[in-house]
Amino acid sequence: MSASGGTKAIVAALAANLAIAVAKFVAYLFSGSSSMLAESVHSLADSGNQGLLLLGGKKAQREATPQHPFGYGRERYIYAFLVSIVLFSVGGMFAIYEGYEKIKDPHAIEAWYWPVGVLVFAIIAESFSFRTAIKESNEVRGGLTWTQFVRRAKAPELPVVLLEDLGALVGLVLALAGVGLALGTGNGVWDGIGTLCIGVLLILIAIVLAAETKSLLLGESAGVDDVHKIEAAVVDGDTVTRLIHMRTLHLGPEELLVAAKIAVRHDESATEVANAINAAEERIRAAVPIARVIYLEPDIYSETAASAGENPAKAPGGSVH
């Protein structure tokens with residue numbers, strides 16, 4: 001997995017969640033708090049999710065085969081999608097079920113110092129994990145806002161870890177509020193309400209993750225900046241006079257396919273056209289290094305053909321995009 005895959009953030013989150021999951025479960029055994037049980041399952045699910053992300057990154061590094069000629073880069077998208085399913089089912093649905101059971105049959109929290117102490121420890125540990133994820137993300141997100149980064153990032157690991165850590169921190173605050181209100185009022189229903197809120201939060205985060213990774217699985221084009229760089233690199237003004245139309249597709253976070261129809265001069269020889277295509281490919285790779293699979297089709301641009309039909313891009317010499 002490349003540096004942009006956020007391996008450091010994943011490992012930090014995995015270490016934090018494993019330690020927190022054990023601490024929360026011990027606190028549940030001593031206190032009987034449903035919020036603590038829901039949070040321990042949440043942390044255990046998060047640990048499994050980080051394991052899935054690491055596994056996906058490892059599998060994505062396999063070499064291309066005749067059966068999969070474009071490689072296995074999309075394995076990372078598949079495992080990120082599995083993370084959203086685990087977060088929804090194991091984390092969110094379990095918390096909602098546990099919260100409902102606690103509200104239906106409330107009981108007082110015993111040994112209050114266990115859940116409170118563990119929750120404070122977990123907030124500190126998750127804050128360090130979240131800080132690592134933010135630091136890793138800042139190195140690659142450029143001028144994008146956090147919302148734009150989550151929506152546009154082609155490497156799914158960092159957005160997944162960011163949302164998981166954010167959800168974990170908010171969930172811990174909700175758990176602490178539920179435990180605190182249950183202790184303050186002597187009514188265990190508040191512990192169940194806090195658990196329900198944690199479940200709803202996890203399901204919402206899972207839905208966002210599923211929507212974003214589904215888009216990546218379906219196949220996303222290059223980012224706007226990369227598209228502009230490729231467009232500028234294709235045309236040399238000599239042999240390649242125009243970009244007629246182009247399609248891009250991410251084969252993985254760090255691998256881009258570029259397919260384009262380019263206009264060449266009608267009086268160029270086959271050798272000159274072939275040399276021009278090779279030169280254009282070199283310029284594209286220099287401008288956008290992740291453009292590793294490039295197919296350029298030469299054509300003679302025609303204004304008449306470009307204006308023909310509802311979708312001139314399908315016609316020889318059709319318009320750009």
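Above this note sits the structure.
Below or above, wherever it landed, is the structure these notes cover.

**Overview of the side chain of T213**
Structurally, T213 is set in helix α7 (residues 189-218). Polar side-chain contacts of T213 include one of 3.3 Å to the backbone oxygen of A210. Setting aside its immediate chain neighbours within four residues, T213 contacts Y77, A80 and F81.

**Let's talk about the side chain of N17**
Looking at where N17 falls in the secondary structure, it is placed in helix α1 (residues 7-31). By relative accessible area, which is 1% here, N17 ends up buried.

**Section: the sheet that holds strand β3 (residues 291-299)**
The strands making up a sheet associate through backbone hydrogen bonding, with each pair oriented either parallel or antiparallel. The sheet built from 3 strands is open, its strands ordered β1-β2-β3 with mixed pairing. Each edge of the open sheet is held by one strand with a lone partner, namely β1 (240-252) and β3. Strand-to-strand, the axes of this sheet are offset by a mean angle of 15°, without reference to chain direction. Packed on one face of the sheet, helix α8 (residues 224-234) meets β1 and β2 (255-264) and runs near 145° to β1. Against the sheet, helix α9 (residues 270-287) touches β1, β2 and β3, its axis set at about 145° to β3.

**Some thoughts on the pattern of salt bridges**
Throughout the structure, instances matching the rule amount to 10 salt bridges. The salt bridge involving D191 is made with K102; its shortest N-O contact spans 2.7 Å. Of this pair, D191 sits in helix α7 while K102 is found in helix α3 (residues 75-104), placing the two residues 89 residues apart along the sequence. Using a relative accessible area of 3% as the deciding quantity, one classes K102 as buried. With a shortest N-O distance of 3.9 Å, R285 and E281 are connected by a salt bridge. With R285 and E281 both in helix α9 and 4 residues apart, this pair spans about one turn of that helix. On the accessibility criterion, E281 (16% relative accessible area) is buried. Counted as one network, the salt bridges with shared partners bring together R76, E157 and E254.

**A few points about the packing of aromatic side chains**
Under the defined criterion, the tally for this structure stands at 4 aromatic pairs. Here the basic side chain of R62 rests over the ring of Y72, its NZ or CZ set 3.9 Å away from the ring centre. Just above the ring of W146 sits the side chain of R141; from NZ or CZ to the centre is 3.9 Å.

**Details of the packing of helix α2 (residues 34-59) against α7**
The axes of two packed helices give the description: the angle between them and the distance between them. Interhelical geometry of α2 versus α7 gives an angle of 25° and a closest axis separation of 8 Å. In terms of their interaxial angle, α2 and α7 are classed as roughly parallel. Note on element contacts: α7 touches α2 through D191, G192, G194, T195, I198 and L202, opposite S34, S35, A38, E39 and H42. Its residues assigned to classes, the contact of α2 with α7 shows 3 nonpolar, 6 polar and 2 charged.

**Brief notes about the packing of α1 against helix α4 (residues 113-138)**
The interhelical angle for the contact between α1 and α4, taken along N-to-C directions, is 170°, at an axis separation of 9 Å. The orientation of α1 relative to α4 falls into the category roughly antiparallel.

**Here's the deal with the environment of S129**
With respect to the element layout, S129 can be found in helix α4. By relative accessible area, which is 3% here, S129 ends up buried. Taking the C-alpha atoms as reference points, S129 and D165, separated by 36 residues in sequence, lie 7.1 Å from one another. If sequence neighbours within four positions are ignored, S129 has contacts with A12, A13, A16 and D165.

Criteria and thresholds
- Residue indices follow the written sequence of each chain, beginning from 1 at its first position.
- A pLDDT threshold of at least 70 governs which residues receive local features in this predicted model, and a stricter bar of 80 or more applies before side-chain atom pairs are shown or counted, although totals over entire chains, interfaces and linings include all residues.
- Side-chain measures here rest on the full set of heavy atoms in the structure, leaving out hydrogens and waters.
- We count a stretch as a helix when DSSP gives it H or I for four or more residues in a row; a strand needs E for two or more, and each element gets its number in order from the N terminus.
- Nitrogen and oxygen atoms within 3.5 Å of one another constitute a polar contact, given that in protein one can donate a hydrogen and the other can accept it, and given that sequence-neighbouring residues count only through two side-chain atoms.
- When checking whether two residues touch, look at their non-hydrogen atoms; a contact exists if any pair is within 4.5 Å.
- With a 1.4 Å probe rolled over the protein chains alone, any residue whose accessible area is under 20% of its type maximum counts as buried; one over 50% counts as exposed, and the rest are partly exposed.
- Two strands qualify as a pair provided DSSP detects at least 2 bridges between them.
- A fitted line through C-alpha atoms serves as each axis, taken over the contacting stretch for helices, and the angle formed by two N-to-C directions is quoted from 0 to 180°.
- When a carboxyl oxygen of Asp or Glu is within 4 Å of a side-chain nitrogen of Lys or Arg, the pair counts as a salt bridge.
- Centres within 6.5 Å make a pair out of two Phe, Tyr or Trp rings, where for Trp the six-membered ring is used; the pair is then stacked when the planes are under 30 degrees apart, edge-to-face when over 60, and tilted otherwise.
- Either the NZ atom of lysine or the CZ atom of arginine qualifies as a charge over a ring when it sits within 6 Å of the ring centre and within 35 degrees of the ring normal.
- Orientation categories follow fixed angle ranges, with anything under 35 degrees roughly parallel, anything over 145 roughly antiparallel, 65 to 115 roughly perpendicular, and all other angles oblique.
- Only Asp, Glu, Lys and Arg are considered charged, only Ala, Val, Leu, Ile, Met, Phe, Trp, Tyr, Cys and Pro nonpolar, and every remaining residue, Gly among them, polar.

Just distances and angles here, no functional claims.
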